[in-house]
2 protein chains.
Amino acid sequence: MTDTVVEPRMTRAARRVLDTAARLFYQRGITGVGVDLIAAEAGVTKKTIYDRFGSKDNLVVAYLRERDQRWRAVVDRHVEAAADPREAVVAVFDSLEAWQRAMGDRGCAMINARAELTGPDHPARELALAQKQWLRARFAELLEEAGIDDAADAAVELLLLHEGAVVMSDVGGIADAVERARHAARRMVDRAE
Amino acid sequence: MTDTVVEPRMTRAARRVLDTAARLFYQRGITGVGVDLIAAEAGVTKKTIYDRFGSKDNLVVAYLRERDQRWRAVVDRHVEAAADPREAVVAVFDSLEAWQRAMGDRGCAMINARAELTGPDHPARELALAQKQWLRARFAELLEEAGIDDAADAAVELLLLHEGAVVMSDVGGIADAVERARHAARRMVDRAE
DNA sequence: CTGGAAGTATACCTACCGGTATAGCTACGG
DNA sequence: CCGTAGCTATACCGGTAGGTATACTTCCAG
């Protein structure tokens, strides 16, 4: 099965558009950013945007997909650098901290997109679902490799902690939300057998 | 210190407006719902809305505040019905399940509002913060009453689990996200001393 | 050297947004 | 019984949204 969404041709101008859109969408929200603004900030005409991406919605999807890809790569990098599966579980939370430091913190782009794009058939829904399922599966893998009982259940718990940390470090009020989550995760893998 | 926001006079028409707005804002998003639509669905003229609430932003704030109040009341009710502080901690997750069953599940209204209203000085920001701080304090109270060590730390962990459960039951993919969180919470209070 | 792809510049379209203005109706308390 | 609060009805405003149309340029590859 091939991709149902046509990949836009990534010319230099398109690259600039996508980078600019990604920054603006994340910081000011998707509905809060108009196509004209993106064009102006990217130093590009609206026509170029529509020639490359077809519609604002397609541009939004491209933004979410690319961001998702990059985030997964960061997680993978941290996981692979870990000494063993248990450390790898904890390393996922390190990757979150690194990700936030690099990208700024306005919460999870997927969750935010879901909040704004409420149509029941909007692609953002399945993208968000796929991302969270991926992380859950990743946790489950690592826990199984570590020989931990009830790996599937523990993976869900870690996912909840992770998402809670993402949300709370956006909302504020808990200075070290991610570190707290990592602490909890470490305790989980240390106690478990 | 008195309230900085003027309470709108709750006439019958205003009540209908706020109820309608609450439903529409939550289901379709705040930016996704126009004042004209609210007026039409509430069986009211736009003038009435602006006479009672002054602006869409004020209406949004009224929506968030009322929803917050009601949610806190539900939590309190469940907590007070619990046999002891430890059960009360778990009961918070029961209250979440009841709340979701009653209100439908499109995630946390505060978090969604934050995603849409990105202005750094928008009242939605402090409302969200206050709500989460309140829950954290509630957890901390109960854990201290239960004589659990490191109540403050445990309270943060419970908050993360709670928020993770809210997010994930919206995103989907984990059928019983709230029950999983409750399970983890029970284990926490059972193990702790 | 030529044709097409990529891009700029500019103007335009329709739809809808939050918000305002004017006029008139109804119900109720002093 | 009369004034005012609360409301309806309708029309309007400026701004902005996503998206399209036309004409001109630039640049590279066959």
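This is a predicted model, so every value here is computed, not measured. (Residues numbered from 1 in each chain as written. Chains lettered and ligands numbered in written order. Predicted model: local features only at pLDDT ≥ 70, side-chain atom pairs only at ≥ 80, totals over all residues. Heavy atoms only, no water.)

The next subject is the environment of Arg72 of chain B. All names here are of chain B. Position of Arg72 among the secondary structure elements: in helix α4 (residues 56-81). Accessibility expressed as a relative area gives 21% for Arg72, which makes it partly exposed. Linking Arg72 and Trp134, residues 62 residues apart in sequence, is a C-alpha distance of 8.8 Å. Residues in contact with Arg72, not counting those within four places in the same chain, are Ala130, Gln131 and Trp134. (Helix = DSSP H or I, 4+ residues; strand = E, 2+ residues; numbered from the N terminus. Buried < 20%, exposed > 50% of the residue type's maximum accessible area, 1.4 Å probe, protein only. Contact = heavy atoms within 4.5 Å.)

What follows covers the protein's contact with DNA strand C. As a structural note, the neighbourhood of DNA strand C is formed by 18 residues, with Arg9 and Thr48 of chain A together with Val35, Lys46 and Lys56 of chain B the closest of them. Each atom of DNA strand C within 4 Å of the protein belongs either to a base or to sugar and phosphate, the latter forming 60%. A distance of 3.2 Å separates a phosphate oxygen of DNA strand C from a polar atom in the backbone of Ala13 of chain A. A distance of 3.2 Å separates a phosphate oxygen of DNA strand C from a polar atom in the backbone of Gly43 of chain A. Within the residue set of the surface near DNA strand C, elements represented by two or more residues are α1 (12-28) and α3 (46-53) of chain A together with α3 (46-53) of chain B. Partitioning the surface near DNA strand C into residue classes produces 5 nonpolar, 6 polar and 7 charged. (Near = heavy atom within 4 Å. Polar contact = N/O pair within 3.5 Å; in protein donor to acceptor, adjacent residues only side chain to side chain. Nonpolar A, V, L, I, M, F, W, Y, C, P; charged D, E, K, R; others polar.)

Let us now look at the relation of the copies chain A and chain B. Of the transformation superimposing chain A on chain B, the axial component is 0.0 Å and the angular component is 180 degrees, with the fit at an RMSD of 0.0 Å. Overall, the copies show the geometry of a two-fold rotation axis. Measuring from the rotation axis to each C-alpha of chain A, the shortest distance belongs to Gly164 of chain A, at 2.0 Å. The overlap is high: 100% of the interface residues of chain A also sit at the interface in chain B, so the same surface is used on both sides. (Least-squares fit on C-alpha atoms with pLDDT ≥ 70 in both.)

What follows concerns the protein's contact with DNA strand D. If you check the shell around DNA strand D, you find 19 residues, and the closest are Val35, Lys46 and Lys56 of chain A together with Arg9 and Thr48 of chain B. Within the contact set of DNA strand D, a phosphate oxygen lies 3.0 Å away from a side-chain nitrogen or oxygen of Thr11 of chain B. When the residues that make up the surface near DNA strand D are grouped by side-chain class, the tally is 5 nonpolar, 6 polar and 8 charged.

Every contact between the two is made by 38 residues of chain A and, on the other side, 38 residues of chain B. Here chain A and chain B share 6 salt bridges between them. Here Arg187 of chain B and Glu157 of chain A are joined by a salt bridge, their closest N and O atoms 2.9 Å apart. Between chain A and chain B we count 13 residue pairs in polar contact (both at pLDDT 80 or more) in total. (Salt bridge = Lys/Arg side-chain N within 4 Å of Asp/Glu carboxyl O.)

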